[in-house]
Structures are given as C-alpha cells and as structure tokens.
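Chains, contacts and geometry: an overview
Read off the chains here:
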Amino acid sequence: MNPRPLSPHLQVYKFFPTMFLSILHRITGVGLTLGLVAFTYWLASAASGEYDYGRALLLLGSWPAQVLLLGWLFAWCYHFVNGLRHLGWDASIAIEKAQVRRTRWWVVSIAGGAWVLLAWLLFCGRGISP
Amino acid sequence: MSLRSPLGTALARGSAREGVGHWRTQRTTAIALLPLTVWLVVSFARLPLADHASVTWWIGSGWNPVLLSLTVVAACWHSLLSVQTIMEDYIHQHTVKYWSLLANSGGHLLVGAGAIYAILRIALRGAA
C-alpha cells in the first residue's frame, strides 16, 4: 500500500492533563481486559471444585496478585467514572472546554474516593486469602 | 448518492461501512456494564470469597448465573471492540495488524466462552 499522509503526533503538542486522563482511560481499559482473564480463571477454578478453588485463592492471595487486584479495582473505578463522562460527551453533555476542565477534577476525586472506599471494603479485615 | 470516486473504491480506500455499528455497540455495552459491574463489585464485597461452598451457591442461585453471563458477554464484547480500536490506532504494519485483530477476536471469544461454561457448570450442578 502507498504511504498515506499522517497527522501531527504526540510530540508536537504541549502536555495537558486532558491528555493524561485520556490515555489513562485506554490504559485502565486494557488493564480491565486482562482482569477479565483473571475473572474467568477465578470462575473456572470455582467450577472445577474445592481443591482447585483453594489453589486459585492461594495464588490470588499472594502479594503480587493482591497488588494486581487493587490495580484492577482502581482501573474499574476510573474507567467507570471517566466512561460516564465519555457517554455524556457522546450525547453533547458537558462538552465545553470549561466543563471538561471542571469534570476532570470530579472524575479524579470520585474515582479516587471510590477506590479507597472499595479497597477498604474488599480487602481490609476479610481479604480474599483463605 | 456516493461521494466516493471510482478509483477510491477500487483501491479500497475510505469507509468499511461498519463504523457506526462498532461505535454504537461499544456504547450500548458500556451502558449495560454500568449496573452490571456495580452489582458484581457489591456482590464481591458481601460474599465470603474464601468459602467455596458459599461462592458456588451464590454463582448458581436465582438470577445470578443469568446476570453473571450477561456481565461476561457485555464485558467481552466491549473489550473486544475497544482493543480492536487500540490495535487499529497503533499497529501500522498490515500483516501484524491482521493477525493481531484475529488473535483479539479469538482470545475474547475464548475467555467469554470459558467464563460462561464455568458459570453453567456451577449453576447446573444440582440439575445434572
């Protein structure tokens, strides 16, 4: 195929927080895709019996897995709240520059707050380790 | 009336005529995932996850297997479309892109089918 004209790319633009939130939406999305694999692994281990479920819990309870699970929880919080903003934009809601700047901070604080609260509910005291 | 030139059509430039469906399905699955994932996270917070009997009882009881399967379908579909978009954005080499897109579709179907099979195995255990 012939080379097609390319639009100017990242390096020619000044960095803005908007860019960070935008790429974070993709990064958390890809993270959640990997989380889907872990979720299926968890379901499959539960389906194949108590012994395999116990082994899966040992794996999911190890500290690298717990860090991953905390990461997936954050990814879900952020992708959910920022996704609401995206759905709003698709419906032409809050699409003005000032509104986008304002809702940026809503997304960061709501997602961050939900993450801390849910991490406390899901991990503290009970944990998932057997 | 088409605005595309005959040469453009012959060179396979321009719209593949399926962009709107992709866009709309991504949004529809996103909206479906809002209540479904909240339900899932709240359920996780309430479940004694270390207890196999409680977990499998919960997966198999009432509407839970239906809602779980819907969550899996919506999540896999949303994820498939999104990863496809990312691949189309960042992979420029034609052959690599082709095989990546194929692996993306296959991988998502495999994960989705595996999850639903596990849900059904648990839900139908008593019935078998």
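To continue, consider the interface of chain B and chain A. In this complex, chain B contributes 41 residues to the contact, which on the side of chain A involves 33 residues. Where chain B abuts chain A, roughly 3000 Å² becomes buried across the two surfaces, and 71% of that area is made up of carbon and sulfur atoms. Counting across the interface, chain B meets chain A through two salt bridges. Residue B:Asp89 pairs with A:Arg26 through a salt bridge whose shortest N-O separation is 2.6 Å. The tally of links from chain B across to chain A stands at nine residue pairs in polar contact (both at pLDDT 80 or more).

Okay, the confidence of the model for chain B next. Counting all residues, the mean pLDDT for chain B is 92, and 96% of those residues have values of 70 or more. Per the prediction output, this complex has pTM 0.88; the corresponding ipTM is 0.88.

This brings us to unusual backbone geometry. Residues and elements named next belong to chain A. One non-glycine residue, Ser92, adopts positive backbone phi at about 60°. Mapping Ser92 onto the fold places it in the loop between helix H3 (63–90) and helix H4 (97–123). Unlike most non-glycine residues, Ala94 shows phi in positive territory, near 55°. Tracing the sequence through the fold places Ala94 in the loop between H3 and H4.

Another point: the pattern of salt bridges. Inspection of the entire model under this criterion finds two salt bridges over all chains. Note that B:Arg27 and A:Asp90 form a salt bridge whose closest N and O atoms lie 2.7 Å from each other. With B:Arg27 in helix H2 (residues 19–46) and A:Asp90 in helix H3, the pair connects residues from two separate chains. Among the residues examined, A:Asp90 registers a relative accessible area of 32% and is labelled partly exposed.

With that settled, consider the packing of H3(A) against H4(A). Residue and element names in this part refer to chain A. Their axes nearest at 9 Å, the elements H3 and H4 cross at an angle of 145°. Considering how the two elements wind past one another, H3 and H4 form a crossing that is right-handed. On the side of H3, the interface is formed by Gln66, Leu69, Leu70, Leu73, Phe74, Trp76, Cys77, Tyr78, Val81, Asn82, Arg85 and Trp89, while H4 contributes Val100, Thr103, Arg104, Val107, Ile110, Ala111, Ala114, Trp115, Leu118, Ala119, Leu122 and Phe123. Here the contact of H3 with H4 is built from residues that sort into 19 nonpolar, three polar and two charged.

Thresholds applied
- Residues numbered from 1 in each chain as written.
- Chains lettered and ligands numbered in written order.
- Predicted model: local features only at pLDDT ≥ 70, side-chain atom pairs only at ≥ 80, totals over all residues.
- Heavy atoms only, no water.
- Contact = heavy atoms within 4.5 Å.
- Buried area = accessible area lost by both parts, 1.4 Å probe.
- Salt bridge = Lys/Arg side-chain N within 4 Å of Asp/Glu carboxyl O.
- Polar contact = N/O pair within 3.5 Å; in protein donor to acceptor, adjacent residues only side chain to side chain.
- pLDDT = per-residue confidence, 0-100.
- Helix = DSSP H or I, 4+ residues; strand = E, 2+ residues; numbered from the N terminus.
- Buried < 20%, exposed > 50% of the residue type's maximum accessible area, 1.4 Å probe, protein only.
- Axes fitted to C-alpha atoms, helices over the stretch in contact; angles between N-to-C directions.
- Left-handed = near helix turned anticlockwise from the far one by under 90°.
- Nonpolar A, V, L, I, M, F, W, Y, C, P; charged D, E, K, R; others polar.

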